[in-house]
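Now for the letters of each chain:
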Amino acid sequence: NTRRLVSLITLGLVAGAGWFLMRTHRTRASNRAPSTAVATAPTAVKPPPPADAIGPFYVGLSSLDVEENERAGRLFDQLAKEMPAEPAVWANLGLARLRLGDLPGAETALDQAAKLLPGDGRVAMLQATIDEYQGRYDQAIQRLQALTDPGVAALYRLAQLLDRTGNKADRVSGEISHEHG
């Protein structure tokens, strides 16, 4: 059951990370000015990923797909050194480390991904998985409840955690409905 959940999370993370990297690479490569004004201070545009990093990124994604987690971990570890501001690299490094049983390493990588991409449901799901493995059920529940736009997988995972801990699902589902409705 846990293996299936990690596989589903992996599939979503891999697809999202690939889309994210390609989208940001195309946007950065075009050097277009933003089409709308932003009311807050302008954000710095990250430089495009090094050309020699794109291949290893996709090899790392493929390695995760076929569960060659050691290889994926090595590739994403190197990419994290080359592209420290890329959340997809940190998220995938966290996933590889999680699959290898390196919970402290996974937690560090996923914390970095969460700092770079706050509120991302895929990262929060992986962080909640680590919390659960370490017996921090309340923290896992809080992490999933904090999502502003929880997907079906996050809500299902939250229900599982609530059931496991004996918390009332009615209370939380009411809180989610109240916050998002």
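Up top is the structure.
The rules behind each value
Residues numbered from 1 in each chain as written. Predicted model: local features only at pLDDT ≥ 70, side-chain atom pairs only at ≥ 80, totals over all residues. Heavy atoms only, no water. Helix = DSSP H or I, 4+ residues; strand = E, 2+ residues; numbered from the N terminus. Contact = heavy atoms within 4.5 Å. Areas by Shrake-Rupley, 256 points an atom, 1.4 Å probe, with all protein chains shown as cover. Buried < 20%, exposed > 50% of the residue type's maximum accessible area, 1.4 Å probe, protein only. Expected span 1.5 Å × (residues − 1). Axes fitted to C-alpha atoms, helices over the stretch in contact; angles between N-to-C directions. Parallel < 35°, antiparallel > 145°, perpendicular 65-115°, else oblique. Left-handed = near helix turned anticlockwise from the far one by under 90°. Nonpolar A, V, L, I, M, F, W, Y, C, P; charged D, E, K, R; others polar. Salt bridge = Lys/Arg side-chain N within 4 Å of Asp/Glu carboxyl O. Phe/Tyr/Trp six-rings, centres within 6.5 Å; stacked < 30°, edge-to-face > 60°.

Asker: Sorry, what's going on with the overall build of the protein here?
Answerer: Within the protein, the secondary structure is distributed over nine helices and zero strands. Along its sequence from the N terminus, the protein presents helices and strands in the succession α-α-α-α-α-α-α-α-α. In the protein, of all internal contacts separated by at least 6 residues, the share reaching a separation of at least 24 is 56%. By element, 56% of the accessible surface of the protein is carried by carbon and sulfur atoms, the whole surface being about 10400 Å².

Asker: What should I look at first to understand the environment of Ile130 in this one?
Answerer: Along the polypeptide, Ile130 turns up in helix H6 (residues 121-133). On the basis of relative accessibility, which here comes to 1%, the residue Ile130 falls in the buried class. Along the backbone, Ile130 and Ala106 are 24 residues apart, and their C-alpha atoms lie at a distance of 7.9 Å. Leaving out residues up to four positions away in the same chain, Ile130 has contacts with Leu98, Leu103, Ala106, Glu107, Leu110 and Arg136.

Asker: Sorry, what's going on with helix H8 (residues 152-165) here?
Answerer: Helical geometry: 3.6 residues make up each α-helical turn, so side chains three or four residues apart lie on a common side. Between its first and last C-alpha atoms H8 spans 20 Å; for 14 residues at 1.5 Å apiece the expected length is 20 Å, and the two agree. Note on H8: the residue one or two positions beyond its end, Gly166, has a positive phi of about 85°.

Asker: Teacher, can you tell me more about the packing of H6 against H8 here?
Answerer: How two helices pack is summed up by the angle between their axes together with the distance between the axes. Taken N-terminus to C-terminus, the directions of H6 and H8 make an angle of 15°; their axes are 11 Å apart at the nearest point. Between H6 and H8, the crossing angle belongs to the class labelled roughly parallel. Taken as a pair, H6 and H8 cross one another with a handedness that is left-handed. Residues Met125, Thr129 and Glu132 of H6 touch H8, and the partners they reach there are Ala153, Ala154, Arg157, Leu161 and Arg164. Residues that form the contact of H6 with H8 fall into these classes: four nonpolar, one polar and three charged.

Asker: So what exactly am I meant to see when it comes to the pattern of salt bridges here?
Answerer: For side chains of opposite charge, pairing can occur when their charged atoms come near one another. Across all of its chains, the model carries nine salt bridges by this definition. A salt bridge links Asp131 to Arg143; its shortest N-O distance comes to 2.8 Å. Of this pair, Asp131 sits in helix H6 while Arg143 sits in helix H7 (residues 137-145), and the two are 12 residues apart along the sequence. Residue classification places Asp131 among the buried positions, given a relative accessible area of 0%. Its salt-bridge partner being Glu132, residue Arg157 comes within 2.1 Å of it at the nearest N-O pair. Here Arg157, found in helix H8, pairs with Glu132, found in helix H6; they are 25 residues apart in sequence, far enough to count as distant.

Asker: Just to check I follow, could you spell out the packing of aromatic side chains for this structure?
Answerer: The geometry of an aromatic ring pair comes down to the distance between the two centres and the angle between the two planes. This model, assessed by the stated rule, comprises two aromatic pairs. Between Phe57 and Tyr58 the ring centres are 5.5 Å apart and the planes differ by 90°, which places this aromatic pair in the edge-to-face class. Note on Phe57: relative accessible area 0%, which makes it buried. Seen from their ring centres, Phe57 and Phe76 are 5.7 Å apart, and the 85° between their planes marks the pair as edge-to-face. One end of the pair, Phe57, is in helix H2 (residues 51-65); the other, Phe76, is in helix H3 (residues 69-82), with 19 residues separating them in the sequence. Per residue, the accessibility class of Phe57 equals that of Phe76, and both read buried. In this structure an aromatic cluster arises from ring pairing among Phe57, Tyr58 and Phe76.

Function-wise, these values are silent; they only describe arrangement.
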